[in-house]
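# Report on the structure
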Amino acid sequence: MAGRMSWLDPGTVRAFLDERHLALAEEVEAWAAREIAPRPEPSSDAAARVEARRLVADLGAAGWLAHAVPAEHGGAPAGPDLRACCLLREALAAASPLADAVFALQALGSLPISLAGSAAQRERWLPAVVAGRAMTAFAMTEPEAGSDVSALATVARREGAGYRLDGQKTLISNAGIADVYTVFAATDREAGHRGISCFLVPADTPGLEFLGPQVLSSPHPLGEIAFAGCALAEADRLGAEGEGFKLGMRTLDRLRPTVAAAACGMAARALAEALDHARTRRQFGRPLGDLQLVQQKLAAMAVDLAAARLLVYRAAAKADADPAGRITLEAAMAKAFATEAAQRIVDSALQICGGRGALAEHPVERLYRSVRALRIYEGTTEIQHLVIAKQLLAAPDPPSRPPG
Ligand SMILES: Cc1cc2nc3c(=O)[nH]c(=O)nc-3n(C[C@H](O)[C@H](O)[C@H](O)COP(=O)(O)OP(=O)(O)OC[C@H]3O[C@@H](n4cnc5c(N)ncnc54)[C@H](O)[C@@H]3O)c2cc1C
């Protein structure tokens, strides 16, 4: 990749990858640098929504969305391959956090269909997801149910042969531009998380209303939706009644390492920009990179990034080795560490770039706004820590203790 700095370094995690992964990483990074990175950041929420629809079509046409869906449901032939998905998110996030979000939402919104959908549901939606013709959304969070998913108040009541859906969802990515929503609702409010079921609700369902956008500091289509007496058929349910919470957690388990990978991509780009600046900017008669306090920052950034990548690809490799198994502990560790590390790395990069780094349109300023949400969505860092502790306390031995 002569002529420009490379952001990714799959060699760091070579032990977890195959040859095809290295080839894929090079290909997607070159594509993202050529096709996505040069695009200006959308200047308004409305423009971001238009750009997101354009990006999903471009990602589909280039074949990258095939990595968002397991192979047996029309995805890339080498799958199920979470490592490929992580490499894609790293490359896209380094080039454009919005492109990464668009890719990620195709995976998040469609994975419940892959995991629990009927043949008819899969046939209707998954080829369109892979082609970038249909955008998906994952609608779990509510005004009074964030980290505490079991508190959700959206209700699917039995009515005739189907259900009647009422409620409201907030902070939903792709709200207003999705073609289909994966919706979590209570079918038995007394049963807590065991009373939650999952439904597939097309955007044109009568009674589904887009209440409006919720505007983030970085471009990301986010918003609120409401359901007022939406009539759903039994065949619109994803999986069995009462299995929705489990399905949601399985989906998040599998995709948390990819959030961590996106964090690594943003951090890698920030480190590359900081190194470039440290080599070229001169103060006190020498390059910034000659100053030991700057060197200390660069070293800490590189160590944080390498450690984050190891946790990401360890989790993804475990998932690929046993697609039916769970990676709850590894996924939570990867997400908690990588997203917090990426925040530190991007902050240090901006500090090294000085005043220029804080200017709008500087690549590090854009990363600074984009990286923050990763510590919150798909389970906050605090919730990841609770998950990790629960796993440790439940295990008879520390999970990493060698035998004997
Ligand atoms: C950019 C973005 C995109 C999003 N996209 C989606 C989406 O597509 N679909 C979707 O369903 N949701 C989405 N969300 C919502 C996201 O999942 C929630 O914001 C997140 O789960 C936290 O919920 P909350 O915001 O209600 O915070 P709260 O749950 O109210 O938490 C507030 C704070 O309290 C802490 N806290 C809560 N409980 C505990 C505890 N037991 N112990 C210690 N600390 C605790 C949290 O860690 C957090 O720091 C998105 C959010 C953002 C920012």
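Residues numbered from 1 in each chain as written. Predicted model: local features only at pLDDT ≥ 70, side-chain atom pairs only at ≥ 80, totals over all residues. Heavy atoms only, no water.

## Remarks on the overall build of the protein chain
A count of helices and strands for the protein chain gives 10 helices and 10 strands. Here the C-alpha radius of gyration of the protein chain, 21 Å, is about what a compact globule of 404 residues would show, namely 22 Å. Looking at the protein chain as a whole, 55% of its 404 residues are labelled buried. Considering only contacts within the protein chain whose residues lie at least 6 apart along the sequence, 74% involve residues at least 24 apart. Side chains of the protein chain carry 43 positive and 46 negative charges; the gap between the two charge centres is 4 Å. (Helix = DSSP H or I, 4+ residues; strand = E, 2+ residues; numbered from the N terminus. Rg over C-alpha atoms; globule rule 2.2 N^0.38 Å. Buried < 20%, exposed > 50% of the residue type's maximum accessible area, 1.4 Å probe, protein only. Contact = heavy atoms within 4.5 Å. Lys, Arg positive; Asp, Glu negative; His and termini not counted. Charge placed at Lys NZ, Arg CZ, Asp CG, Glu CD.)

## Quick look at the pattern of salt bridges
Side chains carrying opposite charge are able to pair once their charged atoms draw close together. The tally for this structure, following the rule as stated, stands at 26 salt bridges. For R39, the salt bridge goes to E51, with nearest N and O atoms at 3.0 Å. Here E51 lies in helix α2 (residues 45-61) and R39 lies in the loop between α1 (19-36) and α2, a separation of 12 residues in the sequence. Residues R39 and E51 agree in their burial class; the two are buried. A salt bridge links E41 to R366; the shortest N-O distance between them is 3.7 Å. With E41 in the loop between α1 and α2 and R366 in helix α9 (residues 363-371), this residue pair connects regions lying 325 residues apart in the sequence. Of the two residues, E41 and R366, neither departs from the other in class, the shared state being buried. Taken together, the salt bridges that share partners define one network made up of R39, E51, R54 and D58. (Salt bridge = Lys/Arg side-chain N within 4 Å of Asp/Glu carboxyl O.)

## Digging into the side chain of T136
Among the structural elements, T136 can be located in strand β1 (residues 136-139). The class for T136 is buried, based on a relative accessible area of 0%. A polar atom in the side chain of T136 sits 2.9 Å from the backbone oxygen of L105. With residues near it in sequence (within four places) discarded, T136 still touches L105, Q106, G109, S110, V129, N174, A178 and V180. (Polar contact = N/O pair within 3.5 Å; in protein donor to acceptor, adjacent residues only side chain to side chain.)

## Observations concerning the pairing of strand β4 (residues 180-186)
Among the 7 residues that make up β4, 7 are buried, leaving the element largely enclosed by the rest of the structure. In β4, alternate side chains face the same way, and those of V180, T182, F184 and A186 on one face and Y181, V183 and A185 on the other are all buried. Note that β4 and strand β5 (residues 196-202) share 7 bridges and pair antiparallel. Note on β5: the bridge partner recorded for T182 is L200. (Pairing = 2+ DSSP bridges.)

## Structural notes on empty space enclosed by the protein
Applying the stated rule across the entire model yields 4 cavities of 30 Å³ or more. Considering the residues around the second largest cavity, the lining is formed by P97, D100, A101, L216, S218, P219, H220, M266, S370, A373, L374 and Y377. Sort the elements by how many residues they give to the lining of the second largest cavity and helix α4 (residues 97-116) lands first, with 3 residues. Here the residues of the lining of the second largest cavity are counted per class, giving 8 nonpolar, 3 polar and 1 charged. (1 Å grid on protein atoms, 1.4 Å probe; cavity = no way out; pocket = protein on both sides within 12 Å on 5 of 7 lines; lining within 4 Å. Points joined across faces, edges and corners; volume = space filled by probe spheres on them. Nonpolar A, V, L, I, M, F, W, Y, C, P; charged D, E, K, R; others polar.)

## What to know about the site of the ligand
The local shell around the ligand holds 18 residues, among which F138, T141, S147, T380 and E382 are the closest. M140 is positioned with one of its backbone polar atoms (N or O) 2.9 Å from an oxygen atom of the ligand. Here S147 contributes a side-chain N or O atom positioned 2.6 Å from an oxygen atom of the ligand. Protein chains bury 65% of the 970 Å² of accessible surface belonging to the ligand in isolation. With respect to the detected pockets, the ligand is housed in the largest pocket. Elements with a contribution of two residues or more to the shell around the ligand: β3 (162-173) and α10 (381-394). (Near = heavy atom within 4 Å. Areas by Shrake-Rupley, 256 points an atom, 1.4 Å probe, with all protein chains shown as cover. Sits in = over half its atoms within 2 Å of the grid points.)

## Quick word on the packing of aromatic side chains
The way to describe two aromatic rings as a pair is by their centre distance and the angle between their planes. Evaluation of the coordinates by the stated rule reveals 3 aromatic pairs. Between Y163 and F199 the ring centres are 4.9 Å apart and the planes differ by 70 degrees, which places this aromatic pair in the edge-to-face class. Separated by 36 residues along the polypeptide, Y163 in strand β3 and F199 in strand β5 bring together distant segments of the chain. Classification of F199 by relative accessible area gives buried; the value is 0%. Between the NZ or CZ atom of R344 and the centre of the ring of F337, over which it lies, the distance is 5.9 Å. (Phe/Tyr/Trp six-rings, centres within 6.5 Å; stacked < 30°, edge-to-face > 60°. Lys NZ or Arg CZ within 6 Å of the ring centre and 35° of its normal.)

## Side note on the environment of D236
Assignment of secondary structure puts D236 in the loop between β7 (222-232) and β8 (237-238). Put simply, D236 and G162 are 74 residues apart on the chain and 8.6 Å apart in space, counted from C-alpha to C-alpha. If near-sequence neighbours (up to four positions away) are discounted, D236 is found in contact with Q121, C198, F199 and L200.

## Observations concerning the pairing of β7
Where β3 lies against β7, 9 bridges are found, and the strand directions are antiparallel. Each residue of the ladder has a partner; that of G167, found in β7, is F227. Both strand β6 (residues 208-213) and β7 contribute to a ladder of 5 bridges, which runs antiparallel. Residue pairing for β7: E209 is matched across the bridge by A226.

## Considerations on the environment of Q106
Take Q106: it is sitting in helix α4. With 36 residues separating them along the chain, Q106 and P70 place their C-alpha atoms 12 Å apart. Leave out the neighbours within four places in its chain, and Q106 touches V56, L65, A68, V129, A134, M135 and T136. Of note is the side chain of Q106, whose polar atom sits 3.2 Å from the backbone nitrogen of T136.

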